[in-house]
Amino acid sequence: MSTPAPTALGRLRRTPFWVQIVAGLVLGVVLGFIARQNDVSWLTTTLDTIGKTFIQLLKLAVPPLVFTAIVVSVANLRHVANAARLAVRTLLWFGITSLIAVGIGLAIGLLTDPGTGTHLSTSGLKAPQDSGSWVDFLTGIIPTNIADAFLKVNVLQIVFLGVVAGAAILKVGAKAEPILKLSESLLELVQTALWWVIRLAPLGTLGLIGKSVALYGWNLLRPMATFTADIYVGCALVLFVVYSLLLRFVGGLNPVRFYQGAWPAIQLAFVSRSSVGTLPVTRRVTERLGVPGEYASFAVPFGATTKMDGCAAIYPAIASIFVAQVYGIHLGIGDYLLIAFVSVIGSAATAGLTGAIVMLTLTLSTLGLPLEGVGLLLAIDPILDMMRTATNVAGQVVVPLLVSAREKTLDLAAYNTPKELYDEDPAATLVAA
């Protein structure tokens, strides 16, 4: 009896996820170039609509995803041996890698002088309406209205509520078990639905990249070519060099296996520009690389909302130097140390959503630099944010791997034989037991 020929959909499902993403990226570049060169407005509008719809679908899941993921991760710490030590080591490595990243950003900025000779006009620029300050950051953690935290998608406040709820479940114990089961069910429900959206990532890639090429092109980037190159080079150094060295010499792991296993999450982050939107894939690849599920359920959600080497370290470091040079303001050693401090302590202000404007305004206001300088960078922010977010997500996978490797809990067999992202039912591994 002959086997029926696979359908087009079946062949597509068997195509590796990274191949689908690359295909969408290439096609998007081609269509965007056609739209720009021939001034095809309907094609530009279509690409823009496809990209916006994909991002809107990702953002739709952010409030319930973040809240339930944090609640479950904190509550499930009771199943993790030496949970306090793991949490401290995770946060410590978050800080160490952020310091390395901001150091690289400062070095690149000082070597290349990205704001010198740009001849950009600063007249008419206005400071962002929503700017970051330490008072706003600290007071903004605690919501004045629980509903507003979810309706306005204030991720930092949702994280706070999740931590409090998870800690309360731990304290109450058995009586709170039904609430925990409900949270786990909701988390699985949200992540399963989000997986359907993630399967549309190749189409979203086509729209987002195509729109960027059609609207921006090279003309917009040319005045800030050095700055753009600095961001991409800095992120690439952290993504491919720093993380590789840490995996090899701190974790004793083969970096090639890491990139094989984590690449789907890195790709999706590049396209979606959202660490939180990439969370289900990040969690899945982290566990598939051998990190215990109980620990991954804690480390990955917290990383998705606070671990931002691209957005909160490299970018504000180079951007601060850029803005200072454009306005002719001298920065001293104390200012550079202040940038490093803000990058490590204030990274949670980025909150895992697209863009790093809040973090940049927080850094500029701390240094006393003109907030109007943010306006110089807004136009090319989507192009920069792709590489920044890819770096963020890679770091969110690297740290749990390092901690697990040093704690001798990493499944080396799983790490050395990474599987394709869709080898099994995604719902089966979404919630840790």
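Parameters at a glance
- Residues numbered from 1 in each chain as written.
- Predicted model: local features only at pLDDT ≥ 70, side-chain atom pairs only at ≥ 80, totals over all residues.
- Heavy atoms only, no water.
- Helix = DSSP H or I, 4+ residues; strand = E, 2+ residues; numbered from the N terminus.
- Buried < 20%, exposed > 50% of the residue type's maximum accessible area, 1.4 Å probe, protein only.
- Contact = heavy atoms within 4.5 Å.
- Areas by Shrake-Rupley, 256 points an atom, 1.4 Å probe, with all protein chains shown as cover.
- 1 Å grid on protein atoms, 1.4 Å probe; cavity = no way out; pocket = protein on both sides within 12 Å on 5 of 7 lines; lining within 4 Å.
- Points joined across faces, edges and corners; volume = space filled by probe spheres on them.
- Nonpolar A, V, L, I, M, F, W, Y, C, P; charged D, E, K, R; others polar.
- Salt bridge = Lys/Arg side-chain N within 4 Å of Asp/Glu carboxyl O.
- Axes fitted to C-alpha atoms, helices over the stretch in contact; angles between N-to-C directions.
- Parallel < 35°, antiparallel > 145°, perpendicular 65-115°, else oblique.
- Left-handed = near helix turned anticlockwise from the far one by under 90°.
- Core = buried A, V, L, I, M, F, W, Y, C linked by side-chain atoms within 4.5 Å.
- Expected span 1.5 Å × (residues − 1).
- Bend = angle between axes of the 7 residues up to and from the residue.
- Phe/Tyr/Trp six-rings, centres within 6.5 Å; stacked < 30°, edge-to-face > 60°.
- Lys NZ or Arg CZ within 6 Å of the ring centre and 35° of its normal.
- Arc of directions from axis to C-beta.
- pLDDT = per-residue confidence, 0-100.
- Patch = residues over 30% accessible without salt bridge, like charges linked within 9 Å, V, L, I, M, F, W, Y side chains within 5 Å.

**Details of the overall build of the protein**
In terms of helices and strands, the protein carries 21 helices and 0 strands. Buried positions account for 54% of the 433 residues belonging to the protein. In the protein, once contacts between residues fewer than 6 apart in sequence are set aside, the share between residues at least 24 apart is 85%. As presented, the protein carries roughly 18500 Å² of accessible surface, and 66% of it is formed by carbon and sulfur atoms.

**Section: empty space enclosed by the protein**
Applying the stated criterion to the full structure yields 2 cavities of 30 Å³ or more. A volume near 60 Å³ is recorded for the largest cavity. Lining the largest cavity, in full, are Leu 208, Lys 211, Ser 212, Val 271, Arg 273, Pro 382 and Met 386. Secondary structure elements with two or more residues in the lining of the largest cavity: helix 10 (201–215) and helix 20 (381–406). No other element matches helix 10, which puts 3 residues into the lining of the largest cavity. Of the residues that constitute the lining of the largest cavity, the class distribution is 4 nonpolar, 1 polar and 2 charged.

**As for the pattern of salt bridges**
Enumeration according to the criterion identifies 8 salt bridges in this entry. In this structure, a network of salt bridges that share partners links the residues Arg 273, Asp 381, Asp 385 and Arg 388.

**With respect to the packing of helix 2 (residues 17–37) against helix 13 (residues 255–272)**
Helix 13 packs onto helix 2 with a crossing angle of 25° between their chain directions and a minimal axis gap of 9 Å. The angle between helix 2 and helix 13 falls in the class roughly parallel. Classified by chirality, the crossing of helix 13 by helix 2 is left-handed. Contacts between helix 2 and helix 13 involve Phe 17, Trp 18, Ile 21, Val 22 and Leu 25 on the former and, on the latter, Trp 263, Pro 264, Gln 267, Phe 270 and Val 271.

**Section: the nonpolar core**
In this structure, Phe 227, Tyr 243, Phe 258, Leu 377 and Leu 401 are the most contacted members of the largest nonpolar core, which totals 111 residues. For this core, the element with the highest residue contribution is helix 20, accounting for 13 residues. Beyond its immediate stretch of four places on either side in the chain, Phe 258 contacts Leu 247, Trp 263, Leu 289, Ala 394, Val 397, Val 398, Leu 401 and Tyr 415.

**Details of helix 12 (residues 225–249)**
Over its 25 residues, helix 12 runs 35 Å from end to end, which matches the ideal 36 Å to within 8%, given 1.5 Å per residue. Considering bend angle alone, the principal kink of helix 12 is centred on Val 238 and spans about 30°.

**Section: the packing of aromatic side chains**
Taken as a whole, this structure holds 7 aromatic pairs when the rule is applied. For the ring pair Phe 227 and Phe 322, a centre distance of 4.8 Å and an interplane angle of 40° mean the geometry is tilted. With Phe 227 in helix 12 and Phe 322 in helix 16 (residues 310–326), the pair connects residues that are 95 residues apart, well separated along the chain. Under the relative-accessibility criterion, Phe 227 is labelled buried at 0%. Pairwise contacts between aromatic rings join Phe 240, Phe 258, Tyr 259 and Trp 263 into one cluster. Of note, Arg 388 hangs over the ring of Tyr 315, and the distance from its end group to the ring centre comes to 4.1 Å.

**Thoughts on helix 3 (residues 41–60)**
One turn of the α-helix equals 3.6 residues, which is why residues spaced by three or four share an orientation. For helix 3, built from 20 residues, the straight-helix expectation of 28 Å at 1.5 Å per residue is met to within 8% by its first-to-last C-alpha distance of 28 Å. Those residues of helix 3 that fall on the buried side of the exposure criterion are Leu 43, Thr 44, Leu 47, Asp 48, Gly 51, Phe 54, Ile 55 and Leu 58. Down the axis of helix 3, the smallest arc covering the buried residues is 135°, so these residues share one side. Opposite the packed face of helix 3, turned more than 90 degrees from it, sit the exposed residues Ser 41, Trp 42, Gln 56 and Leu 60. Residues of helix 3 that are buried in the fold lie against helix 2, helix 4 (62–75), helix 9 (177–198), helix 10 and helix 13.

**Considering the side chain of Ser 244**
Inspection of the secondary structure puts Ser 244 in helix 12. Take Ser 244: its relative accessible area is 15%, and that puts it in the buried class. Apart from the residues within four sequence positions on either side, Ser 244 is in contact with Pro 255 and Tyr 259.

**Things to note about the environment of Phe 270**
Within the element layout of this structure, Phe 270 appears in helix 13. With 116 residues separating them in the primary sequence, Phe 270 and Met 386 have C-alpha atoms 4.4 Å apart. Not counting the four nearest positions on each side in its chain, Phe 270 is found in contact with Leu 25, Ile 209, Tyr 232, Met 386, Met 387 and Ala 390.

**Regarding the confidence of the model for the protein**
With 83% of its residues at a pLDDT of 70 or more, the protein has an overall mean of 82. Of all helices and strands in the protein, the one with the weakest mean pLDDT is helix 6 (residues 134–140) (61), whereas helix 12 scores best (94). Note on residues 424–433: pLDDT under 50 across the span, and 28 contacts to partners over four residues away in sequence or across chains.

**Considering a nonpolar patch on the surface**
A cluster of nonpolar residues, Trp 18, Val 22, Val 26, Leu 27, Val 30 and Ile 34, forms a patch on the protein surface that exposes about 490 Å² of accessible area. Following the sequence through the fold, Val 26 ends up in helix 2. Among the residues examined, Val 26 registers a relative accessible area of 45% and is labelled partly exposed.

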